[in-house]
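Below, each chain spelled out in residue letters.
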Amino acid sequence: MITFSNYAQEAHKGDVIPDYGKIYSVNNPDFKTDTTAQFKAVFDVARNFDDPAKPNALIETVARYINMHREARVPSEKIKVALVIHGSAFSDILKNEFYQEKFPEININPNAELISQLSDHGVQVILCGQTAAHRKITKAEALPEIKVALSAMTALVQLQNEGYQLISF
C-alpha cells in the first residue's frame, strides 16, 4: 500500500508574499517543475465569499501561486501573473471608504493590502469595465493598483493571446 503521510504537514508562509498565500512544501514530486519555463497565468475571479472581513480566497490564490513557484526555484522573471476581476468580486477592489459603504460593519477592505502586495510583485489587477459600469464603480472608487479593461472577456482573451494560461475556479 502506498501512503502519502509524508505529504501531511502544516502550511507555511512563502518568502515572496509572506502575509498571504500560505503554501505546503512538496519534496521530490514525481511531476517535476520545469524551472526554465515561463509561468504566465491569468486568474479569472468572478465571485467572493460570505465573510467580507476576510480577503477573497481566490485573490489570495495568486499569492500562493507566486510563493509556491518561487519556493520551487522558478526565477521571479519567469513568473508573470494577471488577475481579472468581474462579477460579484467587484467589491474586492474598492477603496476602504467605498468598501465600508457596502459593508458598514467593516472598516478596511481586507483585499486592499493583498492587492497592493500583489501589485508590488508585478501582478496586473484588471477590473472588467462592463462590471464597473453596471455596478456604477468609478476609477476614483477603485484601489490605485486597478486597471480597467473594456471587459473581463477582452482582458482574458488578450492575455491568453499573449501566452498567459487561464486559471479559473
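It should be noted that the structure appears before, not after, this text.
Because the structure is a prediction, the values reported are computed rather than measured.

(A) Geometry of the overall build of the protein. The helix and strand tally for the protein stands at five helices and five strands. The N-to-C order of helical and strand elements in the protein reads β-α-β-α-α-β-α-β-α-β. Projecting the C-alpha coordinates of the protein onto the three principal axes gives extents of approximately 55 × 40 × 30 Å. Counting only residues that meet the buried cut, the protein has 41% of its 169 residues in that class.

(B) The nonpolar core, seen in detail. In this structure, Leu83, Ile85, Ile93 and Leu118 are the most contacted members of the largest nonpolar core, which totals 36 residues. Elements represented by at least two residues in this core include exactly β1 (39-45), α1 (57-71), β2 (79-85), α3 (112-120) and β3 (124-128). Among the elements that take part in this core, α1 stands out by supplying six residues, more than any other. With eleven residues, the next largest nonpolar core counts Ala82, Ala149, Ala152 and Tyr164 among its residues.

(C) The arrangement of the sheet that holds β3 in detail. Pairing is parallel across the open sheet formed by five strands, whose spatial order is β4-β3-β2-β1-β5. Edge positions in the sheet fall to β4 (146-149) and β5 (165-168), since each has one partner strand and no second. Taking the axes of each pair of neighbouring strands and ignoring which way they run, one obtains an average angle of 30° across the sheet. Of the strand pairs in this sheet, β1 and β5 are connected by four bridges, and their pairing is parallel. Within β5, the position partnered with valine 42 by the bridge is leucine 166. Sitting on the sheet, α1 is in contact with β1, β2 and β5, with an inclination near 175° to β2.

(D) Local environment of the packing of aromatic side chains. Going through the model one piece at a time under the given rule, you end up with three aromatic pairs. Geometrically, the ring pair formed by tyrosine 99 and phenylalanine 103 is tilted, given 4.8 Å between the ring centres and 50° between the ring planes. For phenylalanine 103, a relative accessible area of 16% puts it in the buried group. Joined through ring pairs, the aromatic side chains of Phe43, Tyr65 and Phe169 make up one cluster.

(E) Spotlight on the environment of threonine 61. Mapping threonine 61 onto the fold places it in helix α1. We classify threonine 61 as buried; its relative accessible area is 15%. Between the C-alpha atoms of threonine 61 and valine 157, which are 96 residues apart in sequence, the distance is 21 Å. Apart from the residues within four sequence positions on either side, threonine 61 is in contact with Phe43 and Phe169.

Scoring rules and cut-offs
- Residues numbered from 1 in each chain as written.
- Predicted model: local features only at pLDDT ≥ 70, side-chain atom pairs only at ≥ 80, totals over all residues.
- Heavy atoms only, no water.
- Helix = DSSP H or I, 4+ residues; strand = E, 2+ residues; numbered from the N terminus.
- Buried < 20%, exposed > 50% of the residue type's maximum accessible area, 1.4 Å probe, protein only.
- Core = buried A, V, L, I, M, F, W, Y, C linked by side-chain atoms within 4.5 Å.
- Pairing = 2+ DSSP bridges.
- Axes fitted to C-alpha atoms, helices over the stretch in contact; angles between N-to-C directions.
- Contact = heavy atoms within 4.5 Å.
- Phe/Tyr/Trp six-rings, centres within 6.5 Å; stacked < 30°, edge-to-face > 60°.

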